[in-house]
Amino acid sequence: MVPKVIFGNGCLSQLGEILLPKRKNSEAPFIFLVDDVFEGSDLVEQLPLLFNDQLVFISADEEPKTDQVDALVSRIKGEYTEMPSGIIGIGGGTLLDLAKAVALMLTNTGSSSLYQGWDLVKRSGVYHVGIPTISGTGAEVSRTTVLMGPEKKLGINSDFTPFDQVLLDPNLAKGVDRDQWFYTGMDCFIHCIESLNGTYLNAFSQSYGEKALDLCREVFLGSLAPSESREKLMMASWHGGMSIAYSQVGVAHAMSYGLSFLLGVRHGIGNCMVFQHLGEFYPEGVALFQKMKKKHGIVLPTGICSDLGNDDFDTMISVAMGLEPLWENALGKDWKKTITPQKLRGIYEKI
Ligand code: NAD
Ligand code: ZN
């Protein structure tokens, strides 16, 4: 679990005092990895850079990759003689995952792709802080950092992955556009549905999942004021992430990873594109999703898979079916009896 968290509008102003005791010396910098959507914004002016600290703007147009992590790590190692005092990630799931991965790979040898999987990381990373600016993924609280590698899209899941400190400032999510707000928010909703309907469910996951689901209903079906909606979605994301920490995601995530691997479809929208066709697995969840989508006038793209050939479908199916824990959570140990390549191809064709 994340050992330290602060919450509240404007709490970004406390970052300086939080970092101060963590600075090893004036040669050991803090590296701020910031979504480039904030270039030239007030947020950047508030960041407490000192000495040789560095601000790196990173585009979230593409989701994080293992070679991108490796390149950032070798750049930091090349530029400084001392190991950094810490890494601060500011942005959505993309930037949060990059920050976690860079922090881990500064102290673990080899390429980050060697650590994609479960509990392969040997050493704790450098101190790392997460500051989400869009809510839904739960990346701020989870024990994974999802990376696209040469062979697979898979997380580095380990006890060393979670942030040492998280700062939840709902004001930072003010500028998110409506479609992206919905897609990333639905990631949280889908985490809840997949966790609460999974065979891995236990009282720990259920308690967080139910709370997150209630908050999602309030945010997406209620009539909250914008500031209250931002606050509640930020906490929904947190609880949704906690829920899957002790269970797993399910069918939508497995299939969305396939879409993402082959076509670069982003996580939030990809989950939505798959989830709408999963009525047979999650009937109540899909009905609720359709209601939310309608209320917010969201129109999902169609025909994404219409030009694909057999090899393309096979690639997506093999990425999806390779995520065994997700299927086992969704359908139990005998999942292979229901889930066949033909079955998945049928669903991909609808997308
Ligand atoms: P994102 O980080 O990719 O950002 C989506 C878009 O929103 C980007 O264009 C970004 O620039 C923009 N944005 C972010 N904050 C903004 C703000 N305040 N104002 C205006 N624009 C803003 O989106 P995401 O959905 O948060 O993250 C997706 C990533 O998270 C994927 O890479 C996925 O694999 C990962 N993920 C990780 C976990 C985990 O547990 N580690 C869980 C789920 C998803
Ligand atoms: Zn997700």
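Data block above holds the structure.
From a predicted model like this one, the values you see are computed outputs, not experimental measurements. (Residues numbered from 1 in each chain as written. Chains lettered and ligands numbered in written order. Predicted model: local features only at pLDDT ≥ 70, side-chain atom pairs only at ≥ 80, totals over all residues. Heavy atoms only, no water.)

Caption draft 1: The sheet that holds strand S8 (residues 153-157), seen in detail. Across the sheet, which stays open at both edges, the three strands sit in the order S5-S8-S7 with mixed pairing between neighbours. Across the chains shown, the open sheet's two edge strands, defined by having one partner strand only, are strand S5 (117-118) and strand S7 (146-148). The sheet contact formed by S5 and S8 spans two bridges and is parallel. Bridging across to S8, Trp 118 finds its partner in Asn 157. (Pairing = 2+ DSSP bridges. Helix = DSSP H or I, 4+ residues; strand = E, 2+ residues; numbered from the N terminus.)

Caption draft 2: Main features of the site of ligand 1. Lining the immediate surroundings of ligand 1 are 27 residues, of which Gly 93, Thr 94, Thr 133, Ser 142 and Thr 184 lie closest. Within the side chain of Asp 35, an N or O atom sits 2.8 Å from an oxygen atom of ligand 1. In the complex, 91% of the free accessible area of ligand 1, which totals 870 Å², lies under the protein chains. Counting only elements with at least two residues in the shell around ligand 1, the list comes to helix H4 (93-105) and helix H5 (178-196). Of the residues that constitute the shell around ligand 1, the class distribution is 10 nonpolar, 11 polar and six charged. (Near = heavy atom within 4 Å. Polar contact = N/O pair within 3.5 Å; in protein donor to acceptor, adjacent residues only side chain to side chain. Areas by Shrake-Rupley, 256 points an atom, 1.4 Å probe, with all protein chains shown as cover. Nonpolar A, V, L, I, M, F, W, Y, C, P; charged D, E, K, R; others polar.)

Caption draft 3: Broad picture of the sheet that holds strand S4 (residues 86-91). Read from one edge to the other, the open sheet built from six strands follows the order S1-S9-S6-S4-S2-S3, with strand pairing classed as parallel. The sheet is open, and its two borders are formed by strand S1 (4-7) and strand S3 (54-58), each paired with just one other strand. Here the strands of the sheet are splayed against their neighbours by 15° on average, with no regard to which way each runs. Two elements, strand S2 (residues 30-35) and S4, share five bridges in a ladder whose sense is parallel. Across the sheet, the residue bridging to Leu 33 is Gly 89, located in S4. (Axes fitted to C-alpha atoms, helices over the stretch in contact; angles between N-to-C directions.)

Caption draft 4: Local environment of the coordination of the zinc ion (ligand 2). Every protein donor of the zinc ion (ligand 2) is accounted for by Asp 187 (OD), His 191 (NE2), His 253 (NE2) and His 267 (NE2), and the metal-donor separations fall at 2.1 to 2.2 Å. For the zinc ion (ligand 2), the four donor atoms are set out with angles of 89 to 172° between them, so the coordination reads as irregular. If you list the donors of the zinc ion (ligand 2) from N- to C-terminus, the spacing comes out as D-x3-H-x61-H-x13-H. Of this pair, Asp 187 and His 191 both sit in helix H5, separated by four residues, roughly a single helical turn. (Donors = N, O, S within 2.8 Å, 3.2 Å for Na, K, Ca; no water. Tetrahedral: all angles 85-135°; square planar, octahedral: opposite > 155°, others 65-115°.)

Caption draft 5: Expanded view of the nonpolar core. By size, the foremost hydrophobic cluster in this structure holds 61 residues, and its most contacted members are Phe 182, Phe 189, Phe 275, Leu 278 and Tyr 348. Residue contributions to this core peak at 10 residues, all from H5. Excluding its chain neighbours within four sequence positions, the residues that come into contact with Phe 275 are Phe 189, Ile 190, Ile 193, Ala 252, Tyr 282, Gly 285, Val 286 and Phe 289. Judged by nonpolar contacts, the second largest core, of 35 residues, contains Ile 58, Met 105, Val 121 and Met 234. (Core = buried A, V, L, I, M, F, W, Y, C linked by side-chain atoms within 4.5 Å. Buried < 20%, exposed > 50% of the residue type's maximum accessible area, 1.4 Å probe, protein only. Contact = heavy atoms within 4.5 Å.)

Caption draft 6: View of the packing of H5 against helix H8 (residues 251-263). Taken N-terminus to C-terminus, the directions of H5 and H8 make an angle of 130°; their axes are 9 Å apart at the nearest point. Here H8 runs oblique to H5, going by the angle between their axes. Residues Asp 187, Ile 190, His 191 and Glu 194 of H5 touch H8, and the partners they reach there are Val 251, Ala 252 and His 253. Looking at side-chain class alone, the contact of H5 with H8 contains three nonpolar, two polar and two charged residues. (Parallel < 35°, antiparallel > 145°, perpendicular 65-115°, else oblique.)

Caption draft 7: How the structure looks around unusual backbone geometry. The phi angle at Phe 51 is positive, at roughly 45°, despite the residue not being glycine. For Phe 51, the position within the fold is in the loop between helix H2 (42-46) and S3.

Caption draft 8: Looking closely at the packing of helix H6 (residues 203-221) against helix H7 (residues 226-245). H7 packs onto H6 with a crossing angle of 155° between their chain directions and a minimal axis gap of 8 Å. Between H6 and H7, the crossing angle belongs to the class labelled roughly antiparallel. Our pair here, H6 against H7, has a crossing hand that is left-handed. On H7, the residues touching Phe 204, Ser 205, Tyr 208, Gly 209, Lys 211, Ala 212, Leu 215, Cys 216, Glu 218, Val 219 and Phe 220 of H6 are Ser 229, Lys 232, Leu 233, Met 235, Ala 236, His 239, Gly 240, Met 242 and Ser 243. Here the contact of H6 with H7 is built from residues that sort into 11 nonpolar, six polar and three charged. (Left-handed = near helix turned anticlockwise from the far one by under 90°.)

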